[in-house]
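Survey of secondary and tertiary structure
Here are the chains, one letter per residue:
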Amino acid sequence: MRGSEASMILDGDLNCSFDSGFADITMGAASPRLSRHERIKAAIKILRDRRISILDFMSTILDPSQLDFAVNRDRIYYSSKEEKENLKDESSRGKLEQVLDHMFADARGRSRLLNWFHPHAVTYVCETVSAKWMP
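This text gives an overview of the structure that appears in the document. (Residues numbered from 1 in each chain as written. Predicted model: local features only at pLDDT ≥ 70, side-chain atom pairs only at ≥ 80, totals over all residues. Heavy atoms only, no water.)

The next thing to look at is the overall build of the protein. When helices and strands are tallied, the protein shows 7 helices and 0 strands. For the protein, the N- to C-terminal ordering of α and β elements is α-α-α-α-α-α-α. Within the protein, the proportion of its 135 residues that are buried is 15%. A fraction of 34% describes how many contacts in the protein between residues 6 or more apart in sequence connect residues 24 or more apart. Per element, the accessible surface of the protein, about 11200 Å² overall, is 58% carbon and sulfur. (Helix = DSSP H or I, 4+ residues; strand = E, 2+ residues; numbered from the N terminus. Buried < 20%, exposed > 50% of the residue type's maximum accessible area, 1.4 Å probe, protein only. Contact = heavy atoms within 4.5 Å. Areas by Shrake-Rupley, 256 points an atom, 1.4 Å probe, with all protein chains shown as cover.)

Rendered as structure tokens:
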């Protein structure tokens, strides 16, 4: 997926029908308040209708070369004010950590994460040990 395609999805389609979970805001009619779950389903439908996979969408947003999405990346990596307030409790987890926890809780996700992370973990441990014990 190219940046322009993702940008179109992020910027557009405010006039989607009720079928996709959005009200036509140009009509001026009050729209029913949708639950968070229903809004997410509607967003997935928009992606599916545009033949954009969730992973292509995420990969484009997370790609540092896609400058159009820098603000979106910042919102993923930096905690919001609300999230920081909720994280004062040591047992709380940020949203990004929750996503990773959900992936790790699923055997399929755990396998993929561990396979990806193994060479990175080895490098990290070697660098940490080297920095600590070798001047």
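Still more ground to cover, so stick around.
With that out of the way, let us pick up a positive patch on the surface. Where like charges cluster on the molecular surface, the positive patch consists of Arg33, Arg36, Arg39 and Lys95. As for its position among the elements, Arg33 is in the loop between helix 1 (3-11) and helix 2 (36-49). (Patch = residues over 30% accessible without salt bridge, like charges linked within 9 Å, V, L, I, M, F, W, Y side chains within 5 Å. Salt bridge = Lys/Arg side-chain N within 4 Å of Asp/Glu carboxyl O. Lys, Arg positive; Asp, Glu negative; His and termini not counted. Charge placed at Lys NZ, Arg CZ, Asp CG, Glu CD.)

What follows deals with the packing of helix 6 (residues 95-105) against helix 7 (residues 107-133). Direction vectors running N to C along helix 6 and helix 7 enclose 110°, while the axes themselves pass 5 Å from each other. In terms of their interaxial angle, helix 6 and helix 7 are classed as roughly perpendicular. Of the residues in helix 7, those in contact with Leu100, Met103, Phe104 and Ala105 of helix 6 are Ala107, Gly109, Arg110, Leu113 and Leu114. (Axes fitted to C-alpha atoms, helices over the stretch in contact; angles between N-to-C directions. Parallel < 35°, antiparallel > 145°, perpendicular 65-115°, else oblique.)

What follows is about unusual backbone geometry. Here Arg51, not a glycine, exhibits a phi torsion of approximately 60°, which is positive. On the secondary structure map, Arg51 appears in the loop between helix 2 and helix 3 (54-62).

Time to look at the side chain of Arg73. Among the secondary structure elements, Arg73 is positioned in helix 4 (residues 70-77). Despite its burial, Arg73 pairs with no opposite charge, the nearest such side chain being Asp74 at 6.1 Å. Within the local environment of Arg73, its side chain forms a polar contact with the backbone oxygen of Gln66, the two atoms lying 3.0 Å apart. With residues near it in sequence (within four places) discarded, Arg73 still touches Ile61, Leu62, Asp63, Pro64, Gln66 and Leu67. (Polar contact = N/O pair within 3.5 Å; in protein donor to acceptor, adjacent residues only side chain to side chain.)

Another aspect to go through is the pattern of salt bridges. Evaluated as defined, the whole model comprises 3 salt bridges. In this structure, Lys45 engages Asp49 in a salt bridge whose closest nitrogen and oxygen atoms are separated by 2.8 Å. Of this pair, Lys45 and Asp49 both sit in helix 2, 4 residues apart, roughly one helical turn. Looking at Lys45, the relative accessible area reads 23%, which means it is partly exposed. Linking Asp106 and Arg108 is a salt bridge whose minimum nitrogen-to-oxygen distance equals 2.6 Å.

Take the packing of aromatic side chains next. Under the counting rule described, the total for this entry stands at 1 aromatic pair. Judged by centre distance (5.9 Å) and plane angle (35°), the ring pair of Trp116 and Phe117 falls under tilted. The cationic tip of Lys132 hangs over the ring face of Trp133; the distance from NZ or CZ to the ring centre is 5.6 Å. (Phe/Tyr/Trp six-rings, centres within 6.5 Å; stacked < 30°, edge-to-face > 60°. Lys NZ or Arg CZ within 6 Å of the ring centre and 35° of its normal.)

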